[in-house]
Amino acid sequence: YDCTGIEFAPSSIVIAGQKSSLDKVTQLELGCNISNAREDVEAELSIEEALQQAYGDEYILVDEIDRVSAKAVIERMESKEITILTSSIEVRNLAENLDVVFDDVTKNLKVVAVPQVLNTITSATLNPYIDCAEYEKPGTYFTVIRTREAEERVKLTTIQIEIIEKDVAAQQEVTEES
């Protein structure tokens, strides 16, 4: 489940305090626990308590309305597998004299999101990459495919790669073309 929106009213309040410090107040954060929520969460929150916690006695509430009605919109997440070509995986932070060979032509990534977000995610929008900063010499390694999507949306997928020296890579290409 994911929080896909927050609705609240009123959206602004009137406070009083020292003129020199009033311009510093642009927003007031009010918290509501939505952990493990499986449906919308509604709450009435005290503006005065939030003002007191954030600023002490520096400001007072002038509005007659002293509570915020808030609603956290909770939606069930769904998942799908997206197949990417390993040739579309960007290789980052690899030494100039090294190259990467992938163990498979394609790889499936599991994506989890609310339906309206899930429908917008494709192999083209994922922009997958691997970070090879820790691989300084040739060898076979396991690394995680990362994407531009938020980490919580794309399940970590491990892929086997082979790091080879570039002149070996060029020889392999010539052999494959023959």
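What you see is a predicted model; the values in this text were computed from it and never measured.

K.L.:
Would you mind showing me how to read the layout of surface pockets here?
P.N.:
If you roll a probe as big as a water molecule over the atoms, it shows you where there is empty space left. Roughly 600 Å³ of volume is contained in the largest pocket. Around the largest pocket, the lining comprises 27 residues; the ones closest to its centre are F8, L28, E29, L30 and V68. Those elements that provide at least two residues to the lining of the largest pocket are β1 (2–9), β3 (41–46), α2 (47–55) and β5 (67–75). Classifying every residue of the lining of the largest pocket by side-chain character gives 19 nonpolar, 5 polar and 3 charged.

K.L.:
How should the sheet that holds strand β12 (residues 157–165) be read in this particular structure?
P.N.:
What links the strands of a sheet is backbone hydrogen bonding, and the strands pair in either a parallel or an antiparallel sense. Reading across from one edge, β8-β12-β11 is the order of the 3 strands in this open sheet, with antiparallel pairing throughout. One side of each edge strand has no neighbouring strand; the edge strands of this open sheet are β8 (98–102) and β11 (139–145). Across the sheet, the mean angle from the axis of one strand to that of its neighbour is 40 degrees, orientation sign disregarded. In this structure, β11 lies alongside β12, joined through 7 bridges in antiparallel fashion. By the bridge assignment for β12, F142 is matched with Q160.

K.L.:
Honestly, the state of the cysteines in this entry has me stumped. Any pointers?
P.N.:
Here, disulfide denotes a covalent bond that connects the sulfur atoms of two cysteines. Within this structure, the stated rule accounts for 0 disulfides. Just so you know, C3 is unpaired, no disulfide at all, and the nearest cysteine sulfur is the one on C32, 9.4 Å from it.

K.L.:
What's the story with unusual backbone geometry in this structure? I'm lost.
P.N.:
Most peptide bonds adopt trans geometry, and most residues besides glycine take a negative phi value. Residue P10 is bonded to the preceding A9 through a cis peptide linkage, with omega at 5 degrees. Look at N36: it is not a glycine, yet its phi comes out positive at around 60 degrees. Within the element layout of this structure, N36 appears in the loop between α1 (19–22) and β3. Residue N36 is classed as exposed on the basis of its relative accessible area, which comes to 78%. Within the chain, N93 stands out as a residue other than glycine whose phi angle is a positive 60 degrees. Assignment of secondary structure puts N93 in the loop between β7 (90–92) and β8.

K.L.:
How should I be thinking about the packing of aromatic side chains in this particular structure?
P.N.:
Aromatic ring pairs: the centre-centre distance and the angle between the two ring planes describe each pair. Here the structure, examined in full by the defined rule, presents 2 aromatic pairs. A centroid spacing of 5.2 Å and a plane angle of 90 degrees characterise the contact between Y55 and Y59, whose relative ring orientation is edge-to-face. The class of Y59 is buried, set by a relative accessible area of 5%. Plain terms: the ring middles of Y135 and Y141 are 4.4 Å apart, the flat faces sit at 35 degrees to each other, and that makes the pair tilted. Judged by relative accessible area, Y135 falls into the buried class, the value being 5%. The ring of Y129 has R92 lying over it, and the distance from NZ or CZ to the ring centre is 3.5 Å.

K.L.:
Is there a simple way to explain the sheet that holds β5 in this structure?
P.N.:
Strand order in the open sheet made by the 3 strands is β1-β5-β3, with antiparallel pairing throughout. Sheet topology places β1 and β3 at the edges, where each strand pairs with a single neighbour. Direction aside, the axes of adjacent strands within the sheet are offset by 20 degrees on average. In this structure, β1 lies alongside β5, joined through 7 bridges in antiparallel fashion. Bridge assignment links D2 to a residue of β5, and that residue is E75. Strand contacts of α2: β3 and β5, with the helix running at about 65 degrees to β3, the strand carrying the most contacts.

Definitions and cut-offs
- Residues numbered from 1 in each chain as written.
- Predicted model: local features only at pLDDT ≥ 70, side-chain atom pairs only at ≥ 80, totals over all residues.
- Heavy atoms only, no water.
- 1 Å grid on protein atoms, 1.4 Å probe; cavity = no way out; pocket = protein on both sides within 12 Å on 5 of 7 lines; lining within 4 Å.
- Points joined across faces, edges and corners; volume = space filled by probe spheres on them.
- Helix = DSSP H or I, 4+ residues; strand = E, 2+ residues; numbered from the N terminus.
- Nonpolar A, V, L, I, M, F, W, Y, C, P; charged D, E, K, R; others polar.
- Pairing = 2+ DSSP bridges.
- Axes fitted to C-alpha atoms, helices over the stretch in contact; angles between N-to-C directions.
- Disulfide = S-S within 2.5 Å.
- Buried < 20%, exposed > 50% of the residue type's maximum accessible area, 1.4 Å probe, protein only.
- Phe/Tyr/Trp six-rings, centres within 6.5 Å; stacked < 30°, edge-to-face > 60°.
- Lys NZ or Arg CZ within 6 Å of the ring centre and 35° of its normal.
- Contact = heavy atoms within 4.5 Å.

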